[in-house]
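Okay, here's what each chain looks like letter by letter:
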Amino acid sequence: SDLVVTNGFVHMRTTRGLQRVDVIYRRIDDAFLDPDVLNPDSVLGVKGLMEVYRQGRVALVNAPGTGVADDKAVYAFVPQMIKYYLNEEMLLPNVPTYMAADDD
């Protein structure tokens, strides 16, 4: 509720008035980002956010559609992904992550 789109930019409401926001790290699901474009029943999102994002006037650090890479279960597969995509071994140890479906 502290964010609002005005004049083609995202602003934050402060006690001193509106302050422009250039970068957002979001903590809500994609579907709730902008009720104008996604879930019209969302009271969490910011009306007009996706249009400002499309115009390059605000950066979303964790852009829509990147949620799968933020899933903690992915950590278990990072060593295999590095080997598959880069044909390299990890340089730093991975965070210990265990999959309950894996008998090992």
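Structure's up top.
Residues numbered from 1 in each chain as written. Predicted model: local features only at pLDDT ≥ 70, side-chain atom pairs only at ≥ 80, totals over all residues. Heavy atoms only, no water.

Engineer: What is the right way to look at the sheet that holds strand β3 (residues 17–21) in this model?
Structural biologist: Sheets are built from strands that pair by backbone hydrogen bonding, the pairs being arranged parallel or antiparallel. The three strands are arranged β1-β2-β3 in an open sheet whose pairing can be described as antiparallel. With partners counted over all chains shown, the strands left at the sheet margins are β1 (3–6) and β3, one partner each. Looking at each pair of strands side by side, their axes are set apart by 45° on average, direction ignored. As defined by bridge partners, strand β2 (residues 9–14) adjoins β3 across five bridges and the pair is classed as antiparallel. The residue bridging Thr 14 from the neighbouring strand is Gly 17, located in β3. (Pairing = 2+ DSSP bridges. Helix = DSSP H or I, 4+ residues; strand = E, 2+ residues; numbered from the N terminus. Axes fitted to C-alpha atoms, helices over the stretch in contact; angles between N-to-C directions.)

Engineer: How do you make sense of a nonpolar patch on the surface when you look at a structure like this?
Structural biologist: The grouping of Phe 77, Met 81, Tyr 84, Tyr 85, Leu 86 and Met 99 at the surface amounts to a nonpolar patch, some 680 Å² of accessible area in total. Mapped onto the fold, Tyr 85 is located in helix α2 (residues 78–86). When its relative accessible area of 62% is taken as the criterion, Tyr 85 is described as exposed. (Patch = residues over 30% accessible without salt bridge, like charges linked within 9 Å, V, L, I, M, F, W, Y side chains within 5 Å. Areas by Shrake-Rupley, 256 points an atom, 1.4 Å probe, with all protein chains shown as cover. Salt bridge = Lys/Arg side-chain N within 4 Å of Asp/Glu carboxyl O. Buried < 20%, exposed > 50% of the residue type's maximum accessible area, 1.4 Å probe, protein only.)

Engineer: Please explain the pairing of β2 as it appears in this structure.
Structural biologist: Relative to β2, β1 runs antiparallel, the two sharing four bridges. Its bridge partner being in β2, Val 4 is matched across the sheet by His 11. As consecutive antiparallel partners, β1 and β2 are separated by two residues, and within that stretch Asn 7 has a phi angle of approximately 55°, a positive value.

Engineer: What's the story with the side chain of Arg 26 in this structure? I'm lost.
Structural biologist: Along the polypeptide, Arg 26 turns up in the loop between β4 (23–24) and α1 (49–54). Residue class for Arg 26 comes out buried when judged on its relative accessible area of 10%. At 3.2 Å, the side chain of Arg 26 forms a polar contact with the backbone oxygen of Ala 63. Ignoring anything within four residues of it in the chain, the contact list for Arg 26 reads Leu 33, Asn 62, Ala 63, Pro 64, Gly 65 and Thr 66. (Polar contact = N/O pair within 3.5 Å; in protein donor to acceptor, adjacent residues only side chain to side chain. Contact = heavy atoms within 4.5 Å.)

Engineer: Explain the packing of aromatic side chains to me, please; I cannot follow it from the model alone.
Structural biologist: Two aromatic rings, taken as a pair, are described by how far apart their centres are and by the angle between their planes. Scanning all chains against the criterion turns up one aromatic pair. Relative to Tyr 85, the ring of Tyr 84 has its centre 4.9 Å away and its plane inclined at 90°; by these criteria the two rings are edge-to-face. Note on Tyr 84: relative accessible area 66%, which makes it exposed. Lying across the ring of Phe 9, Arg 57 places its NZ or CZ 5.0 Å from the centre. (Phe/Tyr/Trp six-rings, centres within 6.5 Å; stacked < 30°, edge-to-face > 60°. Lys NZ or Arg CZ within 6 Å of the ring centre and 35° of its normal.)

Nothing here speaks to function; it is geometry throughout.
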